[in-house]
Amino acid sequence: MQKVYESAEAALDGLLFDGMFIAAGGFGLCGIPELLIDAIVAAGTKDITIASNNCGVDDFGLGKLLQTRQIKKMISSYVGENAEFMRQYLSGELELEFNPQGTLAERMRAGGAGIPGFYTRTGVGTVIAEGKEHKEFDGETYILERGIVADLSIVKAWKADDTGNLVFRKTARNFNPPAATCGKFCVAEVEEIVPRGSLDPDTIHLPGIYVHRLIQGEHEKRIEQRTTRKRETA
Amino acid sequence: MPWDRNQMAARAAEELEDGMYVNLGIGIPTLVANYVGDKDITLQSENGMLGMGPFPFEGEEDPDLINAGKQTITELSRTAYFDSAQSFAMIRGGKIAAAILGAMEVAENGDLANWMIPGKLVKGMGGAMDLVAGVGRVIVVMDHANKKGESKVLKECTLPLTGKGVVDRIITNLGVFDVVEGGLAIVELADGVSREEVLSLTDATVVN
């Protein structure tokens, strides 16, 4: 089966529809599927619900889909870096469901693993717990959270082989593996596609079974907060 | 004299023991890393890293290597990377010995509020709710009172909670306090700070 596509547009062909649910990898601007996001902007798909830890910044990442008003609802843990997000949210144009970060990651992992729900202590006694089933285990109270199954997953990895085995780099792994697994269909973008056999099978982070289509491309990889220290002079 | 930010961070660093895996929040908690000395402490960054190193030298920033505050950082010889699900599995699973976090309000029963002020811009809880629910010990580092001079150490939190009954110890500019049966116990006072001064700025019940 051919998984490698020429472009993000080609890789998304036939997968996008209005009102769809997309799970996206990335943390802040680190490890985000920037090429696939651009292609969704170009496709003009509307009323999208997106599960992603963050929503990019005004002019990069998922923030671009906000500028074009293509997002109906976000499921996120932190959206602080985005003025347009706040404007649309406060004016009621955009729905927002806050999930604690670990709950969001586990919802994706569970959804991809065939687990429809799980109990967690996270959020007990807070607004997050309102309306959710509470259950006691061994004297501790837990709440029920649902697994996420998305119509489409979009993720970014460092390298792939042509069978879709993925290798991530440093903290750019973040939400990408759980997001990849929770989609009915997954498209991955990578910096380099290498021939099968050239990745060490013991170092593959996400097996190709989860990845249906692949593209290679140039990434901007923008830095959100550039922090440095001075070199000590001898 | 009440402690300044660095003195609070230094005092918080005394809470850490050799061999601990620790998560530090944003603000004063981040400064704690400067005061661990020779102790063998491994810092977790909840976006998927154990063994967080200092900021990179100028020109050596790597967009693929950031902390939970989205700042560029470096790796160490002990560093391990993992995905967000595994990161919070180790947090929720109680593998992280302690979290040192900032707060807007803490109550005498250990309730913590540090993620939203109703009517103001809500940015989200990030990983804070998972951390306080999961780690072994939650240590809050914050100013004892807000800029208006109102106590942040309360009988009951007024803001939406991050966690219920989760705080073990509070380190403020005035001293160190433990959440115990019936209220807060004074563990230590900052040099030159009197018990009366603390009581006048504390809304919570002090048991000793």
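Residues numbered from 1 in each chain as written. Chains lettered and ligands numbered in written order. Predicted model: local features only at pLDDT ≥ 70, side-chain atom pairs only at ≥ 80, totals over all residues. Heavy atoms only, no water.

1. Let's talk about the overall build of chain A
Scanning chain A from N- to C-terminus turns up six helices and 11 strands. Against the 2.2 N^0.38 benchmark of 17 Å for 234 residues, chain A shows a C-alpha radius of gyration of 18 Å, consistent with a compact globule. Buried residues in chain A amount to 55% of all 234 residues. Pairs at least 24 residues apart make up 72% of the contacts formed inside chain A by residues separated by at least 6 positions. Total accessible area on chain A is roughly 10,100 Å²; 47% of this is exposed by carbon and sulfur atoms. (Helix = DSSP H or I, 4+ residues; strand = E, 2+ residues; numbered from the N terminus. Rg over C-alpha atoms; globule rule 2.2 N^0.38 Å. Buried < 20%, exposed > 50% of the residue type's maximum accessible area, 1.4 Å probe, protein only. Contact = heavy atoms within 4.5 Å. Areas by Shrake-Rupley, 256 points an atom, 1.4 Å probe, with all protein chains shown as cover.)

2. A closer look at the confidence of the model for chain B
Low-pLDDT stretches of the model should not have their predicted coordinates read in fine detail. In the predicted model, chain B carries a mean pLDDT of 96, and the fraction of residues at 70 or more is 100%. What the predictor reports for the complex is a pTM of 0.97 with an ipTM of 0.96. (pLDDT = per-residue confidence, 0-100.)

3. Some thoughts on the packing of helix α5 (residues 101-112) of chain A against helix α3 (residues 84-92) of chain B
When two helices pack together, their arrangement is given by the angle between the helix axes and the distance between those axes. At a closest axis distance of 8 Å, the pairing of α5 of chain A and α3 of chain B adopts a crossing angle of 120°. Here α5 of chain A is positioned oblique relative to α3 of chain B, judged by the angle of their axes. Of the two possible hands of crossing, α5 of chain A and α3 of chain B adopt the one that is left-handed. Where α5 of chain A abuts α3 of chain B, its residues Q101, G102, T103, A105, E106 and R109 of chain A lie against S84, A85, F88 and R92 of chain B. Among the residues making up the contact of α5 of chain A with α3 of chain B, the classes are represented as three nonpolar, four polar and three charged. (Axes fitted to C-alpha atoms, helices over the stretch in contact; angles between N-to-C directions. Parallel < 35°, antiparallel > 145°, perpendicular 65-115°, else oblique. Left-handed = near helix turned anticlockwise from the far one by under 90°. Nonpolar A, V, L, I, M, F, W, Y, C, P; charged D, E, K, R; others polar.)

4. Here we look at the packing of aromatic side chains
Applying the stated rule across the entire model yields three aromatic pairs over all chains. Ring geometry for F137 of chain A and Y142 of chain A: centres 5.5 Å apart, planes at 85°, overall edge-to-face. Residue F137 of chain A is classed as partly exposed on the basis of its relative accessible area, which comes to 32%. Among the aromatic residues, those joined into a cluster by ring pairs are Y119, F137 and Y142 of chain A. Above the face of the F57 of chain B ring, R231 of chain A is positioned so that its terminal group lies 4.4 Å from the ring centre. When the ring centre of F27 of chain A is taken as origin, the NZ or CZ atom of K70 of chain B, which lies over that ring, is 5.2 Å away. (Phe/Tyr/Trp six-rings, centres within 6.5 Å; stacked < 30°, edge-to-face > 60°. Lys NZ or Arg CZ within 6 Å of the ring centre and 35° of its normal.)

5. Quick look at helix α2 (residues 34-43) of chain A
Here α2 of chain A has its buried residues at E34, L35, L36, I37, A39 and I40 of chain A. Of the residues flanking the end of α2 of chain A, it is G44 of chain A, one or two places downstream, whose phi is positive at about 75°.

6. Description of the pattern of salt bridges
It is possible for side chains bearing opposite charge to pair when their charged atoms get close. Throughout the structure, instances matching the rule amount to 28 salt bridges over all chains. When the shortest N-O distance is used, the salt bridge between E61 of chain B and R226 of chain A registers 3.3 Å. With one member in each of two chains, E61 of chain B in the loop between β3 (49-52) and β4 (75-81) and R226 of chain A in the segment after β11 (213-216) form a pair that bridges those chains. The closest approach of N and O atoms between E15 of chain B and R11 of chain B, which form a salt bridge, is 2.9 Å. The pair E15 of chain B / R11 of chain B is uniform in exposure class, with both members buried. Where salt bridges share partners, they join R11, E14, E15, R137, R169, D178 and E188 of chain B into one cluster. (Salt bridge = Lys/Arg side-chain N within 4 Å of Asp/Glu carboxyl O.)

7. Here's the deal with the state of the cysteines
Residue and element names in this part refer to chain A. In the structure shown here, the tally under the stated rule is zero disulfides over all chains. Among the cysteines around C182, which has no disulfide bond, C186 carries the closest sulfur, lying 8.9 Å off. On the basis of relative accessibility, which here comes to 1%, the residue C182 falls in the buried class. (Disulfide = S-S within 2.5 Å.)

8. Digging into the interface of chain B and chain A
Taken together, the 46 residues of chain B in the interface contact 49 residues of chain A. Each partner contributes to the roughly 4,200 Å² buried at the junction of chain B and chain A, and carbon and sulfur atoms together form 58% of this total. Contact with chain A buries surface across chain B, with F57, D64 and K70 of chain B losing the most and accounting together for 19% of the total. Here chain B and chain A share six salt bridges between them. Measuring nitrogen to oxygen at the nearest pair gives 2.9 Å for the salt bridge that ties E60 of chain B to R231 of chain A. Linking chain B with chain A are 27 residue pairs in polar contact (both at pLDDT 80 or more), by the criterion used here. For the side of chain B that touches chain A, the secondary-structure elements that each account for two or more residues are β4, α3 and α4 (128-134) of chain B. (Buried area = accessible area lost by both parts, 1.4 Å probe. Polar contact = N/O pair within 3.5 Å; in protein donor to acceptor, adjacent residues only side chain to side chain.)

9. A closer look at the sheet that holds strand β7 (residues 140-146) of chain A
All names here are of chain A. The sheet built from three strands is open, its strands ordered β5-β7-β6 with antiparallel pairing. Edge positions in the open sheet fall to β5 (117-120) and β6 (134-137), since each of these has one partner strand only. Adjacent strand axes in the sheet meet at a mean angle of 40° when their direction is disregarded. Inspection of the sheet shows β6 paired to β7 by four bridges, in the antiparallel sense. When the sheet's bridge partners are listed, F137 is paired in β7 with E140. Most of the contacts of α5 go to β5, to which it runs at about 150°, and overall it touches β5 and β7. (Pairing = 2+ DSSP bridges.)

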